[in-house]
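# Coordinate analysis (summary)
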Number of protein chains: 2
Amino acid sequence: MEPQPDPKTRMLDALRAAGVRVTNQRMVLLGLLAEARDHPDAAELHRRAQAADGAISLATVYRTLAVLQRAGVVQRHSFDGDSARFEQAHEPHHDHIVDLDTGRIVEFQSDKIERLQRQIAAELGFEVVHHRLELYCRRTGASGPTGRNPATDVATHSS
Amino acid sequence: MEPQPDPKTRMLDALRAAGVRVTNQRMVLLGLLAEARDHPDAAELHRRAQAADGAISLATVYRTLAVLQRAGVVQRHSFDGDSARFEQAHEPHHDHIVDLDTGRIVEFQSDKIERLQRQIAAELGFEVVHHRLELYCRRTGASGPTGRNPATDVATHSS
DNA sequence: TTATTTGCAAAACCTTTGCCCGCGA
DNA sequence: TCGCGGGCAAAGGTTTTGCAAATAA
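So, here is what we can say about the structure in this document. In this text, all values refer to a predicted model and were calculated from it rather than measured experimentally.

Rules used throughout
- Residues numbered from 1 in each chain as written.
- Chains lettered and ligands numbered in written order.
- Predicted model: local features only at pLDDT ≥ 70, side-chain atom pairs only at ≥ 80, totals over all residues.
- Heavy atoms only, no water.
- Least-squares fit on C-alpha atoms with pLDDT ≥ 70 in both.
- Contact = heavy atoms within 4.5 Å.
- Buried area = accessible area lost by both parts, 1.4 Å probe.
- Salt bridge = Lys/Arg side-chain N within 4 Å of Asp/Glu carboxyl O.
- Polar contact = N/O pair within 3.5 Å; in protein donor to acceptor, adjacent residues only side chain to side chain.
- Helix = DSSP H or I, 4+ residues; strand = E, 2+ residues; numbered from the N terminus.
- Nonpolar A, V, L, I, M, F, W, Y, C, P; charged D, E, K, R; others polar.
- Pairing = 2+ DSSP bridges.
- Phe/Tyr/Trp six-rings, centres within 6.5 Å; stacked < 30°, edge-to-face > 60°.
- Lys NZ or Arg CZ within 6 Å of the ring centre and 35° of its normal.
- Near = heavy atom within 4 Å.
- Axes fitted to C-alpha atoms, helices over the stretch in contact; angles between N-to-C directions.
- Parallel < 35°, antiparallel > 145°, perpendicular 65-115°, else oblique.
- Buried < 20%, exposed > 50% of the residue type's maximum accessible area, 1.4 Å probe, protein only.
- Core = buried A, V, L, I, M, F, W, Y, C linked by side-chain atoms within 4.5 Å.

Once turned by 179 degrees and shifted 0.1 Å along the axis, chain B lies on chain A with an RMSD of 0.2 Å. The superposition of one copy onto the other is thereby described by a two-fold rotation axis. No C-alpha of chain B approaches the rotation axis more nearly than that of L133 of chain B, which lies at 2.2 Å.

Quick look at the interface of chain B and chain A now. Taken together, the contact pairs 35 residues of chain B with 35 residues of chain A. Between chain B and chain A, roughly 3,400 Å² of surface is buried when both sides are summed, and carbon and sulfur atoms account for 65% of that area. Joining chain B to chain A, the criterion identifies four salt bridges. Measuring nitrogen to oxygen at the nearest pair gives 3.5 Å for the salt bridge that ties R132 of chain B to D80 of chain A. Between chain B and chain A we count 16 residue pairs in polar contact (both at pLDDT 80 or more) in total. Counting residues per element, the ones that place at least two in the side of chain B that touches chain A are β3 (95-99), β4 (105-109), α5 (111-123) and β5 (126-139) of chain B. At 14 residues, the largest contribution of residues to the side of chain B that touches chain A is made by β5 of chain B. Residues of the side of chain B that touches chain A, tallied by class, amount to 17 nonpolar, nine polar and nine charged. Bridge count between strand β5 (residues 126-139) of chain A and β5 of chain B: 13 bridges; the pairing is antiparallel. Looking at β5 of chain B, one finds that R132 of chain A is bridged to E134 of chain B.

Right, let's talk about the packing of aromatic side chains for a bit. Scanning the entire structure with this criterion turns up zero aromatic pairs over all chains. Of note, R139 of chain A hangs over the ring of F126 of chain B, and the distance from its end group to the ring centre comes to 4.3 Å.

What follows is about the protein's contact with DNA strand D. The immediate surroundings of DNA strand D are formed by 20 residues, with Y62 of chain A together with R21, Q25, T60 and R63 of chain B found nearest. The sugar-phosphate backbone supplies 65% of the atoms of DNA strand D found within 4 Å of the protein. Note that a base nitrogen of DNA strand D is positioned 2.7 Å from one of the side-chain N or O atoms of R21 of chain B. A distance of 3.5 Å is found between a phosphate oxygen of DNA strand D and a backbone nitrogen or oxygen belonging to I56 of chain B. Per-class residue counts for the surface near DNA strand D are nine nonpolar, five polar and six charged.

For the rest of this paragraph, the subject is the packing of helix α2 (residues 24-35) of chain B against helix α4 (residues 58-70) of chain B. Residues and elements named next belong to chain B. At a minimum axis distance of 10 Å, the contact between α2 and α4 shows a crossing angle of 70 degrees. In this view, α2 runs roughly perpendicular relative to α4, as classed from their interaxial angle. Across the interface between the two elements, Q25, R26, L29, L30 and L33 of α2 pack against T60, V61, T64, L65, V67 and L68 of α4. When its residues are assigned to classes, the contact of α2 with α4 shows seven nonpolar, three polar and one charged.

Between side chains of opposite charge, a pair can form as their charged atoms come close. A full pass over the atoms with the stated rule returns 18 salt bridges over all chains. With its nearest N and O atoms 2.7 Å apart, the salt bridge here joins R48 of chain A to E44 of chain A. With a gap of four residues between them, R48 of chain A and E44 of chain A both fall in helix α3 (residues 42-52), about one helical turn apart. Classification of R48 of chain A as partly exposed rests on a relative accessible area of 24%. One salt-bridge network, held together by shared partners, links D80, R132 and E134 of chain A together with D80, R132 and E134 of chain B.

Close to DNA strand C lie 20 residues; Q25, S57, T60 and R63 of chain A together with Y62 of chain B are nearest. Here DNA strand C approaches the protein such that, of its atoms within 4 Å, sugar and phosphate make up 67%. At a separation of 2.9 Å, a phosphate oxygen of DNA strand C approaches a polar side-chain atom of S57 of chain A. A distance of 2.2 Å is found between a phosphate oxygen of DNA strand C and a side-chain nitrogen or oxygen belonging to Y62 of chain B. Elements with a contribution of two residues or more to the surface near DNA strand C: α2 (24-35) and α4 (58-70) of chain A together with α4 of chain B.

On to the nonpolar core, then. One finds I97 of chain A together with I97 of chain B to be the most contacted residues of the largest nonpolar core, which totals 24 residues. Elements represented by at least two residues in this core include exactly β4 (105-109), α5 (111-123) and β5 of chain A together with β4, α5 and β5 of chain B. Apart from residues no more than four positions distant in its own chain, I97 of chain B is found in contact with A121, L124 and F126 of chain A together with R104, I105, V106, F108, L135 and C137 of chain B.

Right, let's get into the environment of A89 of chain B. Residues and elements named next belong to chain B. Secondary-structure assignment places A89 in the loop between β2 (85-88) and β3. Given the relative accessible area of 28%, A89 is considered partly exposed. For the pair A89 and A34, spaced 55 residues apart in sequence, the C-alpha separation works out to 9.4 Å. Non-local contacts of A89, meaning those with residues more than four positions away in its chain, are made with G72, V73, V74 and Q75.

Moving on, we get to unusual backbone geometry. Following E91 of chain A, the chain continues to P92 of chain A via a peptide bond in cis, the omega torsion being -5 degrees. With respect to the helices, strands and loops of the structure, P92 of chain A is situated in the loop between β2 (85-88) and β3 (95-99).

The structure is reproduced here in structure tokens:
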């Protein structure tokens, strides 16, 4: 079903590429991020890690995420007033829609917008190193808030 | 030079429209925001307010900014890892470029991008309530960091 | 063995809040 | 006068850090 090299091997490679030691905590977190279909925050990852492993501190969650982020394996997002949320880096680059009623995150991707961003920056004498685009939305024709459930689904759209 | 109604009157109007009392602290902050050419954070506004007035607490800075934001007079931004930064709301709507080397903020405006955002959201069944677009950039051909100075200038660009 | 990592608890930060006094209307 | 608004200090939530013990290489 999955034509990938092998999840465990990929995780090991990621850690080796980062030039850090392979610890159980890092493997657990890497695994959680790989299977996460949402964008959990540090506390949520801590909860899941404890369920999967039993012993892992919140401090380690933060430290590990920082390491993985530096290695380019993890991306950190700060939606509006929330605490930081994380996801495994994956191609292609994408941006996010935040459903204001449910908190659900939807990913989308638009080459057109990316191109316009670079163009505008260039006109002002800049080169885009990275960017951040978040659309805070409501469902079309929605009657209103229906009850927030922790973001669990991710839809993807390309344009 | 300025065909505006009169700064003081406008500030009074803003407070009245917000349905709140006119206090010295609010007038001072409103004035600081009006003349600010940058995007100061709460601590910086506190510093400036003390220089201008002498007695105003950080708590009041935060409370006043919250009031003004609710009234639509002030906009709050959270660039990357920084603390919240504020600016007086002004038309047309604009987004920001953050110069990674100097920290300087440059505003720009692009109807094209706004339109694309709405279009993408619509295709996914959403309506954009508000959004956030930040381009973290480096000057084209820049040789590298030259020394961060507190953002003081604002350039504007329309497309 | 030896340099990294971890856990724990404390610290750091930014922002908000409780409480009582003072000022605006 | 009446009640909103302010100052102060303490609380809150998230993220980082110092230190000694544990562990990967």
